[in-house]
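Spelled out, the chains give:
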Amino acid sequence: MRRSGATGNLATDLWSLYRRIVRTFFTGNPLKIQFAVWGCLLLLLLNVPPGTAQYPRPVMPPAVAPPTAVPAPINNPGVERNSPEMTQLQFPLQGDDRVQKLVSVGHQHEFRGVWVASVANIDWPSARNLTVDQQKAELVEILDQMQSLNLNALVLQIRPNGDAFYASQMEPWSGWLTGTQGQAPQPFYDPLEFAIAESHKRNIELHAWFNPYRAKMPGEKYALSSNHMASMFPQYAYQYGDLLWMDPGAKEVQDRAYNVIMDVVRRYDVDGIHIDDYFYPYPQEGVRFPDTATYAAYQNSGGTLGLADWRRKNVNDAIERIWNGIKTEKPYVKFGISPFGIYRPGKAEGIVGFDQFDGLYADVKKWLDEGWLDYLAPQLYWRIDPPQQSYPVLLDWWSQNNPLRRHIYAGNYLSKLDGSGWPISEFERQVEISRQEVDKLSLGNIFFSMKVFKENWLGINERFRAAVYPSQALPPTMPWLDAVPPAVPTGVRAGDNAIAWNSGNNDIRYWTVYRRNGNQWQLVKVLNAGANSITGLQPGSYAVCSVDRMANESPGVVVSL
């Protein structure tokens, strides 16, 4: 029988204290992590008398590599753990001899994302005159479709043009949401809060997607709200061709973008912050970006950089500042960037095309070198075979130029699907090529855009369900952010074709259930944190794991049915 009382509470409290200490103070320093772990274990040994060894014991994580070193191995797609070794620790039987030991299990962690663009009503909402109920229904339909396709990450555009798809005290409501910029939805609701809650119910991460500098799209004739960034800083809002663009070199603009992003980080339970390829605007032939006055002010203050280097510094400073701000406020929130797919022509053998280094002033390689992001999603919007912009050649180049071993999630141009030059098989092959680079941290894909899945172009949903994503997967772990697994599930018990366990604490985001098949453990189901049972199981050996928000899995509690 399991003992209860003060000793059990003490063990649980010490375990919780240990996790908080490690996550708050010691992430990234292996010596301090090991010191903290062994210190807490010593406390447990000193305070837990003989006969209480049945309480769940912490599993020692590997030492977490600092950002300048290669992190510990992670659960990679394509890697299965064969011949699992049972630990010798006896787990509490709860009066049921079908609950046995702990086992180390894992599955193919993979980032399976999709961009949902709000700009110009591309993906959601489908029109700017929908009722609130229609908006919610469309978003739920998207998430249900994602869940049915075993996708696990929604990249939702919430600031397309200096406007907001959430309740902001700084920026106006988007006209693409309500029909009029600055007008709140009626009856009131917060679309971002709603999207986060509905995503997490379905085991889907939500990454909030921002455009830092774009102020207005071509052809848009609506009036800007008084609190729009172009209205507040008109001296830095430039008409550039048919676009309205803010000056990335102006401090007021830099502060505005940073403060808007950090406001969302602080107030919402987002899993990630995401920005795309729009830094300085894509150049228009014969048209100079009109930042002469800002550059002159920089020179007059003693600045010595040339114009191109100064522009790159403005972008670099913004990326570093956002990274540091996120990690100071909520270290577990991921920061991802999706740049143009070619760093510089000629850097990868045979590659030609646009030079974002000189065109957008985006030095993406520096961001990887400095570790100012958690994942890079280069927009590899080309086919596999043409050599000038070859998908595998570009993916391999990005993967090789990743010294701090951040994750690479290739961006795929699904909207090109046409059945001829871009058949479904092209995207099936692209995902397979991404998986072949798993040893170089190519750990997933993001598809543009959701509209293709939503409308099931050419029957792509059936093909993806059958051949690309036939089963669920957790997102990849990020050891440089958190490598500490949660405590194992408690109160695990077997029933008739069912397994149940105690509800988890706030540290739990998911539960995973595995079934033993010969010498391997295969994932049966990913369940959200609100679940505490699974039914309809066939006889066999199962393992139940708790999983935290960073997809770290505990050892599995083995149950026989």
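Residues numbered from 1 in each chain as written. Predicted model: local features only at pLDDT ≥ 70, side-chain atom pairs only at ≥ 80, totals over all residues. Heavy atoms only, no water.

Now for the overall build of the chain. When you go through the chain residue by residue, the secondary structure sums to 15 helices and 20 strands. Per-residue burial for the chain yields a buried fraction of 57% across its 561 residues. A separation threshold of at least 6 residues defines the contact pool for the chain, and within that pool the share at least 24 residues apart is 73%. Summed over its atoms, the accessible surface of the chain is roughly 22600 Å², and 51% of this surface lies on carbon and sulfur atoms. (Helix = DSSP H or I, 4+ residues; strand = E, 2+ residues; numbered from the N terminus. Buried < 20%, exposed > 50% of the residue type's maximum accessible area, 1.4 Å probe, protein only. Contact = heavy atoms within 4.5 Å. Areas by Shrake-Rupley, 256 points an atom, 1.4 Å probe, with all protein chains shown as cover.)

Glancing now at the sheet that holds strand β5 (residues 205–210). Around the barrel, eight strands lie side by side as β3-β4-β5-β9-β10-β11-β12-β13; this closed barrel has parallel pairing. In this sheet, strand β4 (residues 153–159) lies alongside strand β3 (residues 111–116) in parallel orientation, the contact comprising four bridges. Pairing of V114 across the sheet is with L154, part of β4. In the packing of helix α7 (residues 251–267) onto the sheet, the strands contacted are β4, β5 and β9 (272–275), and the crossing angle to β5 comes to about 165°. Of the strands in this sheet, β11 (375–376), β12 (407–412) and β13 (442–447) touch helix α12 (residues 391–400), which is tilted by about 155° from β12. (Pairing = 2+ DSSP bridges. Axes fitted to C-alpha atoms, helices over the stretch in contact; angles between N-to-C directions.)

Turning our eyes to something else, we now look at the packing of aromatic side chains. Ring pairs (aromatic) are described by centroid distance and by the angle formed between their planes. Per the counting criterion, the structure on display carries 35 aromatic pairs. With a centroid separation of 6.0 Å and 85° between ring planes, the pair formed by W173 and F188 is classed as edge-to-face. With a gap of 15 residues between them, W173 in the loop between β4 and α4 (175–178) and F188 in the loop between α4 and α5 (191–201) connect regions that are remote in the sequence. Take F188: its relative accessible area is 52%, and that puts it in the exposed class. A ring pair is formed by Y280 and Y361, whose centres lie 5.2 Å apart and whose planes are at 75°; its orientation type is edge-to-face. You can see Y280 sitting in the loop between β9 and α8 (292–300) and its partner Y361 sitting in the loop between α10 (356–359) and α11 (364–370), a full 81 residues away along the chain. You can call Y280 buried: its relative accessible area is 1%. The exposure class of Y361 is buried, given its relative accessible area of 13%. Through a chain of ring-to-ring contacts, three or more aromatic side chains come together here, namely W245, Y278, Y282, F340, F354 and W382. Here the basic side chain of K216 rests over the ring of Y222, its NZ or CZ set 4.8 Å away from the ring centre. Here the guanidinium or amino end of R321 rests over the ring plane of Y258, the centre of that ring lying 4.1 Å away. (Phe/Tyr/Trp six-rings, centres within 6.5 Å; stacked < 30°, edge-to-face > 60°. Lys NZ or Arg CZ within 6 Å of the ring centre and 35° of its normal.)

In this section: the packing of helix α3 (residues 132–148) against α5. Running from amino to carboxyl end, α3 crosses α5 at an angle of 30°, the nearest separation of the two axes being 10 Å. As judged from the angle between their axes, α3 and α5 are roughly parallel. Note on packing geometry: the crossing formed by α3 with α5 is right-handed. Only P191, F194, A195, E198 and S199 of α5 make contact with α3, whose side of the interface consists of K136, L139, V140 and L143. Split by residue class, the contact of α3 with α5 holds six nonpolar, one polar and two charged. (Parallel < 35°, antiparallel > 145°, perpendicular 65-115°, else oblique. Left-handed = near helix turned anticlockwise from the far one by under 90°. Nonpolar A, V, L, I, M, F, W, Y, C, P; charged D, E, K, R; others polar.)

With that settled, consider the sheet that holds strand β6 (residues 214–216). Ordered by their spatial adjacency, three strands build an open sheet running β6-β8-β7, and the pairing between neighbours is antiparallel. Each end of this open sheet is capped by a strand with a single partner; those strands are β6 and β7 (237–240). Between one strand axis and the next, the sheet turns by 35° as a mean value, whatever way the strands run. Bridge analysis of β7 against strand β8 (residues 243–246) gives four bridges, and the strand direction is antiparallel. Looking at β8, one finds that Y240 is bridged to L243.

Okay, the nonpolar core next. Counting residues in hydrophobic clusters, the biggest one holds 130 residues, and the most contacted among them are F210, I273, F335, W367 and F453. Filtering out sequence-adjacent residues up to four positions away, F210 remains in contact with I158, R159, Y166, V260, I261, V264, I273, H274, I275 and D276. Among the nonpolar cores identified, the runner-up in size contains 18 residues, and V99, V488, V492 and V559 belong to it. (Core = buried A, V, L, I, M, F, W, Y, C linked by side-chain atoms within 4.5 Å.)

With that out of the way, let us pick up the side chain of E205. Residue placement: E205 occurs in strand β5. Since its relative accessible area comes to 1%, E205 is described here as buried. Here H207 takes part through its side chain, which lies 2.9 Å from a polar atom of the side chain of E205. Those residues in contact with E205 that lie beyond four places of it in its chain are F111, N152, A153, L154, D271, K334, P475, Y510 and R549. (Polar contact = N/O pair within 3.5 Å; in protein donor to acceptor, adjacent residues only side chain to side chain.)

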